[in-house]
Amino acid sequence: MAKNGLRKVGFVGWRGMVGRVLLTRMEEEKDFALIEPHFFSTSAPGSKGPVVKNNQTNLKDAFSLAELKEMEMIVATQGGDYTKKIFSALRSSGWDGYWIDAASTLRLHEDACIVLDPINRKVIDEEVKNGCRNFIGGNCTVSVMLMGIGGLMNEGLVEWVSFMSYQAASGAGAKAMEELIQQMNYLANHFQGVNFDSLNADQEMEELFGRNDFPQKTIGQPLVNSLLPWIDTEVQKGQSREESKSFSEANKILNLASPVPIDGTCVRVPTLRCHSKGLTIKLKEKLSLEEIESLLLSSHPWLKIIPNNRKATLENLTPSAVSRTLNIHLGRLRKTNLGEEYLNAFVVGDQLLWGAAEPLRRALLILLGESERLIHERKE
Ligand code: HSE
């Protein structure tokens, strides 16, 4: 503990996209009043850190075990390579503080808890009680899905889930977002003021995509006017790593008596920062839509059920309706023609908030013993 009685919390990766969103949220909610923050850098230790609480300190060295060990908690949004490099060495050096991390590196480790407290607060509390020291944010598309249907899954009412995800460029990082905008610009510049033939415009685009100066170094392909139905590497039998996480991480988050099979296809789409997931859910029981909605709504206050009609759906069940908010919109709820127990649903959430920064921020508050601040903070 620092001399002022506050806990020393180190932040690594605060300049990155998830780190910036995290700091903004912490400033909005005045969380910095609860801690003594220390900012670390992997590239420029010694230079000036961010101004927080009207105070600016010099950046500490993110590779210095001695400096890291002074912290009681470390919040890392630096990425998996950093975690791989430093975490084991830090633990081996005897540091037993809380490690809160956005990277996937430790998620499935036995001694790590995946945090998504509106859905798995009981699991988190149990882990804290059992002495767990590693609290890791889940994969974004998994967290968004569970913020949508976790209420049903927690009740043990789901037999299996089949999904199609529609994942924003932000999931691939800030550079991918920039490149998507550059791709949009490239097309806009080409077509601006030109009388183009709609029927043949896509052929013209294909020609543009083949040009040497078409921006696609980061994404690897044109994402504009397209979609990319493969995210990350292959794990087994034609399944991508991103797809495999829906089963492994969701079941670890929920910690249900028996794991729920979850599988589907993860697709990158040309949106900036909202992930969406289309779901077919096989229920264990014949529940009415009213019962389902009421169960879902009771899970947490950020969930909004969008009525399953054309107008409400097109106005509210879209990335642009949800982007930059903590709201999770769930809609297209209907029993499918496959049978009474087969539920259709569609969920949209901000990839950088519930998908990344917010669960970390809330894990920090829980570990600080400040849980009461987690209630009543829903904003429109
Ligand atoms: N892997 C995710 C994506 C983002 O590519 O969209 C991180 O959870």
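For clarity, every value in this text was computed on a predicted model and none was experimentally measured. (Residues numbered from 1 in each chain as written. Predicted model: local features only at pLDDT ≥ 70, side-chain atom pairs only at ≥ 80, totals over all residues. Heavy atoms only, no water.)

1. Here's the deal with the nonpolar core
Consideration 1: Counting residues in hydrophobic clusters, the biggest one holds 92 residues, and the most contacted among them are Phe 11, Leu 146 and Leu 152.
Consideration 2: At 10 residues, helix α12 (residues 353–367) tops the list of elements feeding residues into this core.
Consideration 3: Beyond its immediate stretch of four places on either side in the chain, Phe 11 contacts Leu 22, Leu 23, Met 26, Phe 32, Ile 35, Pro 37, His 38, Phe 39, Phe 40, Val 75 and Leu 364.
Consideration 4: Core analysis: the second largest hydrophobic core is formed by 16 residues, Phe 40, Ala 62, Ala 76 and Ile 136 among them. (Core = buried A, V, L, I, M, F, W, Y, C linked by side-chain atoms within 4.5 Å. Buried < 20%, exposed > 50% of the residue type's maximum accessible area, 1.4 Å probe, protein only. Helix = DSSP H or I, 4+ residues; strand = E, 2+ residues; numbered from the N terminus. Contact = heavy atoms within 4.5 Å.)

2. Some details on the sheet that holds strand β2 (residues 35–41)
Strand pairing within a sheet occurs via backbone hydrogen bonds; the two strands may be parallel or antiparallel.
Consideration 1: Sheet architecture is open: 7 strands sit in the order β5-β2-β1-β6-β7-β9-β8, paired in parallel fashion. Looking at the sheet topology across the chains shown, the edges are occupied by β5 (60–61) and β8 (112–115).
Consideration 2: Two elements, strand β7 (residues 98–101) and strand β9 (residues 134–137), share 3 bridges in a ladder whose sense is parallel. Looking across to β9, one finds that Ile 100 is bridged to Phe 135.
Consideration 3: Lying on the sheet, helix α1 (residues 17–28) is in contact with β1 (7–12), β2 and β6 (73–76); it crosses β1 at an angle near 145°.
Consideration 4: Sheet strands touched by α12: β1, β6, β7, β8 and β9. Its angle to β7, the strand with the most contacts, is close to 165°. (Pairing = 2+ DSSP bridges. Axes fitted to C-alpha atoms, helices over the stretch in contact; angles between N-to-C directions.)

3. Digging into the packing of aromatic side chains
Consideration 1: Scanning the model with the defined rule gives 13 aromatic pairs in all.
Consideration 2: Their ring planes at 70° and their centres at 5.6 Å tell us that Trp 14 and Phe 39 sit as a pair that is edge-to-face. Remark: Phe 39 occurs in strand β2 and Trp 14 occurs in the loop between β1 and α1; sequence separation between them is 25 residues.
Consideration 3: Owing to a relative accessible area of 3%, Phe 39 belongs among the buried residues under this scheme. (Phe/Tyr/Trp six-rings, centres within 6.5 Å; stacked < 30°, edge-to-face > 60°.)

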